[in-house]
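The residues making up each chain are set out below.
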Amino acid sequence: MMQIKKEHKRKISLFVRFGLGPLLFAWLSWSIYNQVMRQPGLETSWQHIRESFASTKVWLMIGVLLLMIVNWGLEAVKWKLSVQQIQQVSLGKAFRAVLSGVSFSVSTPNRVGEYLGRVLYMDDGNRLKAISLTIMGSISQLMITLVAGLISLFFLRDTLSEHQLLTSFWLRMIGYGVGVGLLILTFFYFRLPWLIRWIDRLPAMRRFVWLIEALEHFNATLLWRLLSLSATRFMVFILQYYLLFRLFNVEISWPQALATISVMFLVMAVVPTIALFTDLGLKGEVSLKLVGLFSTNQLGIGLTTLSIWLINLVIPALAGSLLILSIKRIFNNRHERT
């Protein structure tokens, strides 16, 4: 029996080492190719891209690419701070884990697969515990998204009603719904010890308390740090969009870009999507409606959405699928111990 278990572990190790990463990379590449080739007006789009790269505006694209690194670097810092309650992780390892999580998330609704990619970098015994800690970082990002979206809905309310995108009634209903959801999230976010004690009193849940008990060590300072990093990351997203709007000649002011993209992120947060297949289409549709309130350059808006998708999701996902190969060290160490 022991020999069978060792053989089973060896096969898993070989699959992760030589199969999982390359297969995921190949599948992502093929899916992305099909997605891009189905884009309407592809030839015209590439012509505009070539013209932009040939001009002095190319620095805008370079800035967006650098901000992509900043974006995922901030997420890596958030994850490092979150899991330090159970395991110390270097910033480099956290960055690799985040990118690996992106590669898993692209084919799951609302990117829930990112937790699997990240926890593979944790030690045995800490992986399930790390999921609840990782979720806290996601909740902090969601709270910032809801706050920015709610404020932006208020800012755009007259424009949305005037263009008949939403009636005053639905604007109020959405505003109340988002507000209530934000209040509930905020209450539980800052009352984690109370929540854990409450769960511990439920007989059916006691056996699972060990999965979330590390959350008791989240003090107010750490929670505010996660929120601050999430807010900074949110502004990096907005800045990326604004730079690409300028690159593709979409005439829109900074406040207008901030408001419209914030509402778009709000929509993406509450509507279930699969990143690789529906995320781009939904973002494109919503951005055309919202940014189109202030600019008639629909091609530029579409190119901006496509570029953001490629830079912020596709490139990190491809890199993450290759980085999964580095997980072989985890399986090697485990195999040596057994």
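Every value quoted in this text rests on a predicted model; they were computed, and no experiment measured them. Position labels on residues start from 1 in each chain and follow its written sequence. Given that this is a predicted model, residues contribute local features only at a pLDDT of at least 70 and side-chain atom pairs are listed and counted only at 80 or more, while totals for whole chains, interfaces and linings are drawn from all residues. The side-chain figures draw on all heavy atoms in the structure; neither hydrogens nor water molecules are used.

### A closer look at helix H7 (residues 168–189)
In step 1: In a regular helix each residue adds 1.5 Å, so 22 residues correspond to 32 Å; H7 covers 31 Å between its end C-alpha atoms and thus fits that length.
In step 2: Where H7 is concerned, the buried positions are Leu171, Gly175, Val178, Gly179, Leu182 and Tyr189. With its buried residues spanning 105 degrees around the axis, H7 presents them on a single face. Turned more than 90 degrees off the buried face of H7, the exposed positions are Tyr176 and Leu183. Strands are runs of DSSP state E lasting at least two residues, helices are runs of H or I lasting at least four, and both sets are numbered from the N terminus onward. Each helix should span, by expectation, one fewer than its residue count multiplied by 1.5 Å. Partly exposed residues are those whose accessible area sits between 20% and 50% of the maximum for their type, while under 20% is buried and over 50% is exposed, using a 1.4 Å probe and protein chains only. The arc in question is the one spanned by the directions pointing from the helix axis to the C-beta atoms.

### Notes on the packing of helix H3 (residues 58–83) against helix H9 (residues 220–247)
In step 1: Each axis is a line fitted through C-alpha atoms, taken for helices only over the stretch in contact, and angles between the N-to-C directions span 0 to 180 degrees. The contact between H3 and H9 brings their axes to 9 Å, and the two run at 165 degrees. Looking at the two axes, H3 sits roughly antiparallel to H9. H9 is crossed by H3, and the crossing has left-handed handedness.
In step 2: Polar here means any residue outside two lists: the nonpolar Ala, Val, Leu, Ile, Met, Phe, Trp, Tyr, Cys and Pro, and the charged Asp, Glu, Lys and Arg; Gly therefore counts as polar. For the contact of H3 with H9, the per-class residue count stands at 19 nonpolar, six polar and five charged. Our angle categories are set so that under 35 degrees counts as roughly parallel, over 145 as roughly antiparallel, 65 to 115 as roughly perpendicular, and the remainder as oblique. Definitions for this section: a left-handed crossing has its near helix turned counterclockwise from the far helix by less than a right angle. A right-handed crossing has that turn clockwise.

### A look at a nonpolar patch on the surface
In step 1: Here the term patch refers to residues with relative accessible area over 30% and no salt bridge, with like charges joined within 9 Å and nonpolar side chains (Val, Leu, Ile, Met, Phe, Trp, Tyr) within 5 Å. Method for areas: the Shrake-Rupley scheme with a 1.4 Å probe, in which residue coverage is limited to the protein chains shown. Counted as salt bridges are all cases of a side-chain nitrogen of Lys or Arg within 4 Å of a carboxyl oxygen of Asp or Glu. Nonpolar side chains collect at one region of the surface, where Phe169, Trp170, Met173, Ile174 and Tyr176 lie side by side and expose about 530 Å² of accessible area between them.
In step 2: Tracing the sequence through the fold places Phe169 in helix H7.
In step 3: Assessed through its relative accessible area of 43%, Phe169 is described here as partly exposed.

### Examining the side chain of Thr134
In step 1: Along the chain, the position of Thr134 falls in helix H6 (residues 127–162).
In step 2: Classification of Thr134 by relative accessible area gives buried; the value is 2%.
In step 3: Side-chain atoms alone can form a polar contact between residues adjacent in sequence; in general such a contact is a pair of N or O atoms within 3.5 Å, and within protein one must be able to donate a hydrogen while the other accepts it. Here Ala130 takes part through its backbone oxygen, which lies 2.7 Å from a polar atom of the side chain of Thr134.

### Section: the nonpolar core
In step 1: Membership of the largest hydrophobic core comes to 76 residues, with the highest contact counts inside it found for Trp79, Phe218, Phe245, Ile261, Met264 and Phe265.
In step 2: Considering every element that reaches this core, the biggest residue donor is H9, with 14 residues.
In step 3: Not counting residues within four places of it along the chain, the set of residues in contact with Phe265 comprises Thr145, Phe234, Phe237, Ile238 and Tyr241. Nine residue types can take part in a nonpolar core, namely buried Ala, Val, Leu, Ile, Met, Phe, Trp, Tyr and Cys, and a core is a set of them joined through side-chain atoms within 4.5 Å. Note on contacts: a residue pair is in contact if any heavy atoms of the two residues lie within 4.5 Å.

### Some words on unusual backbone geometry
In step 1: Positioned with a positive phi, Asn249 is a non-glycine residue whose angle comes to about 60 degrees.
In step 2: Along the polypeptide, Asn249 turns up in the loop between H9 and helix H10 (254–270).

### A look at the packing of aromatic side chains
In step 1: A pair of aromatic rings is counted whenever rings of Phe, Tyr or Trp (Trp by its six-membered ring) have centres within 6.5 Å, and the orientation is called stacked for planes under 30 degrees apart, edge-to-face for over 60 and tilted otherwise. Applying the stated criterion across every chain, the model contains nine aromatic pairs.
In step 2: Between the aromatic rings of Phe187 and Phe188, the centroid separation amounts to 5.4 Å while the plane-to-plane angle is 80 degrees, which identifies the pairing as edge-to-face.
In step 3: Accessibility expressed as a relative area gives 32% for Phe188, which makes it partly exposed.
In step 4: Seen in terms of ring centroids, Tyr241 and Phe245 are 6.2 Å apart; in terms of plane orientation they differ by 50 degrees. Their pairing is tilted. Taken together, the positions of Tyr241 and Phe245, both in helix H9 and four residues apart, correspond to about one turn of that helix. Here the two residues Tyr241 and Phe245 agree in accessibility, since each one is buried.

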